Structures are given as structure tokens and as C-alpha cells.
Amino acid sequence: MIELKETEIFRKWLNKFRDKKAVGLIASRLNRLSYGHTGDIKPVGEG
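Keep in mind the model is a prediction, meaning the values are calculated, not measured.

Asks: How should the packing of helix H1 (residues 8-15) against helix H2 (residues 20-34) be read in this particular structure?
Replies: In helix packing, the relevant descriptors are the interaxial angle and the interaxial distance, both defined with respect to the helix axes. Taken N-terminus to C-terminus, the directions of H1 and H2 make an angle of 145°; their axes are 10 Å apart at the nearest point. When H1 is examined against H2, the residues Phe10, Trp13 and Leu14 are found in contact with a partner set consisting of Val23, Ile26 and Leu30. Broken down by class, the residue content of the contact of H1 with H2 amounts to 6 nonpolar, no polar and no charged.

Asks: Can you walk me through a nonpolar patch on the surface in this structure?
Replies: A grouping of Ile2, Leu4 and Leu30 is seen on the molecular surface, where their side chains present a nonpolar patch of about 220 Å² in accessible area. Along the chain, Leu30 falls in helix H2.

Asks: Explanation requested: the pattern of salt bridges in the structure shown.
Replies: Pairing of side chains with opposite charge becomes possible as their charged atoms draw close. Counted by the stated rule, this structure contains 2 salt bridges. Arg11 is the partner of Glu6 in a salt bridge, and the nearest nitrogen-oxygen pair spans 2.9 Å. Take Glu6: its relative accessible area is 47%, and that puts it in the partly exposed class. Here the salt bridges share partners, and the residues they tie into one network are Glu6, Glu8 and Arg11.

Asks: For this particular structure, what's the right way to read the packing of aromatic side chains?
Replies: The geometry of an aromatic ring pair is captured by two quantities: the separation of the ring centres and the angle between the planes. One pass over the full model with this rule turns up 2 aromatic pairs. The interplanar angle of 40° and the centroid separation of 5.6 Å between the aromatic rings of Phe10 and Trp13 together place this pair among those described as tilted. In this pair, Phe10 and Trp13 both sit in helix H1, 3 residues apart, roughly one turn of the helix. Given a relative accessible area of 41%, Trp13 falls into the partly exposed group.

Procedures and definitions
- Each chain has its residues counted from 1, running along the sequence as written.
- Per-residue local features of the predicted model are confined to residues with pLDDT of at least 70, and side-chain atom pairs are confined, for both listing and counting, to 80 or more; whole-chain, interface and lining totals are unaffected and use all residues.
- With hydrogens and water set aside, each side-chain value is computed from the structure's full complement of heavy atoms.
- Axis lines are fitted through C-alpha atoms, for helices just across the contact stretch, and the angle between N-to-C directions can take any value from 0 to 180 degrees.
- Starting at the N terminus, helices and strands are each numbered in turn, a helix being any DSSP run of H or I of at least four residues and a strand any DSSP run of E of at least two.
- Residue contacts follow a heavy-atom distance rule, with two residues in contact if any of their heavy atoms lie within 4.5 Å.
- For this scheme, ten residues count as nonpolar: Ala, Val, Leu, Ile, Met, Phe, Trp, Tyr, Cys and Pro. Four count as charged, namely Asp, Glu, Lys and Arg, and the remainder, Gly too, count as polar.
- Each patch is built from residues that are more than 30% exposed by relative accessible area and take part in no salt bridge. Like charges join if they lie within 9 Å; nonpolar side chains (Val, Leu, Ile, Met, Phe, Trp, Tyr) join within 5 Å.
- Only the protein chains shown count as cover for residues, and all accessible areas are computed by the Shrake-Rupley method using a 1.4 Å probe.
- One side-chain nitrogen of Lys or Arg within 4 Å of one carboxyl oxygen of Asp or Glu is enough to make a salt bridge.
- Here the term buried applies to any residue with accessible area under 20% of the maximum for its type, exposed to any over 50%, and partly exposed to those in between, with areas from a 1.4 Å probe on protein chains only.
- Between rings of Phe, Tyr and Trp, where Trp is taken as its six-membered ring, a pair exists when centres lie within 6.5 Å; planes separated by under 30 degrees are stacked, by over 60 edge-to-face, and by other angles tilted.

And the structure:
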């Protein structure tokens, strides 16, 4: 399991969203990421 830490900066950014569906989708995606489900990812830059 990956440990994700919610920072104050992230919390403020997330609270600026008026679209609660978007907030839910972001939270859902981060939850899946915490369990190791990275989805379809590719490295950027030099890998």
C-alpha cells in the first residue's frame, strides 16, 4: 500500500473546486493509487 499525505496546500487547492463531482473523482483516483492501482502511466522526461 502506498502512503499518501494530504498537505495543507493540496487541501486548499481541492477546496477551491465548486464541482463536487470533480472532487469525488480526484479522491477516488487517489484512493485507488494508494492501493497500488496506478492505471495507464508512462514516464516523462528521462524516466
